[in-house]
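Structural characterization, general
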Amino acid sequence: MRRTTTLAITAALAGGLLFTATPAQAAATADVRAGGIVICEINKMRQQVDELKSKAAKLDRLGAHDEAKKTRAQAAAIQRKIKNCQDAENNA
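Conventions and cut-offs
Residues numbered from 1 in each chain as written. Predicted model: local features only at pLDDT ≥ 70, side-chain atom pairs only at ≥ 80, totals over all residues. Heavy atoms only, no water. Helix = DSSP H or I, 4+ residues; strand = E, 2+ residues; numbered from the N terminus. Expected span 1.5 Å × (residues − 1). Buried < 20%, exposed > 50% of the residue type's maximum accessible area, 1.4 Å probe, protein only. Arc of directions from axis to C-beta. pLDDT = per-residue confidence, 0-100. Contact = heavy atoms within 4.5 Å. Salt bridge = Lys/Arg side-chain N within 4 Å of Asp/Glu carboxyl O.

We now examine helix α3 (residues 42-62). With 21 residues, α3 extends 30 Å from end C-alpha to end C-alpha; this agrees with the ideal 30 Å at 1.5 Å per step. When α3 is considered as a whole, its buried residues turn out to be Ile42, Met45, Gln48, Val49, Leu52, Ala56 and Leu59. Taken end-on, α3 shows its buried residues confined to a sector of 110 degrees, consistent with a single buried face. The exposed set on the far side of α3, more than 90 degrees from its buried face, consists of Asn43, Asp50, Arg61 and Leu62. A positive backbone phi angle near 90 degrees is found at Gly63, which sits one or two residues after α3.

Take the confidence of the model for the protein chain next. When the pLDDT values of the protein chain are averaged, the result is 76; 59% of them are 70 or greater. Across the protein chain, the secondary-structure element scoring lowest on mean pLDDT is helix α2 (residues 24-27), at 46, and the one scoring highest is α3, at 96. Taken together, the stretch residues 16-29 has pLDDT below 50 and engages in 23 contacts with residues farther than four places along the chain or on a different chain.

Bringing the pattern of salt bridges into the picture now. In this structure the tally under the stated criterion is 4 salt bridges. Among the ionic pairs, Glu41 bridges to Lys44, the shortest N-O distance being 3.7 Å. Residue Glu41 is classed as partly exposed on the basis of its relative accessible area of 22%. A salt bridge links Arg72 to Asp60; the nearest nitrogen and oxygen atoms lie 2.1 Å apart. Of the two residues, Arg72 is situated in helix α4 (residues 65-91) and Asp60 in helix α3; the sequence distance between them amounts to 12 residues.

Rendered as structure tokens:
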């Protein structure tokens, strides 16, 4: 697990990371624990990105292009979270 300080996550949030822009299952992967430490489960988040991309491809094949676009947007939001977690860790 990767830990970052509350200050680093606050900076990431100010930089445009919005937790409300991601699905509920993705929001659980980066959570604040007691003491102001944020845990980023990057491997779990990467798995979610892969699953969402696969789902989007399937939706495209079925002709549900709008739903596929939304699913890709969810995957991109999680990917941004991963990058922000890694950047925060590197700057800590």
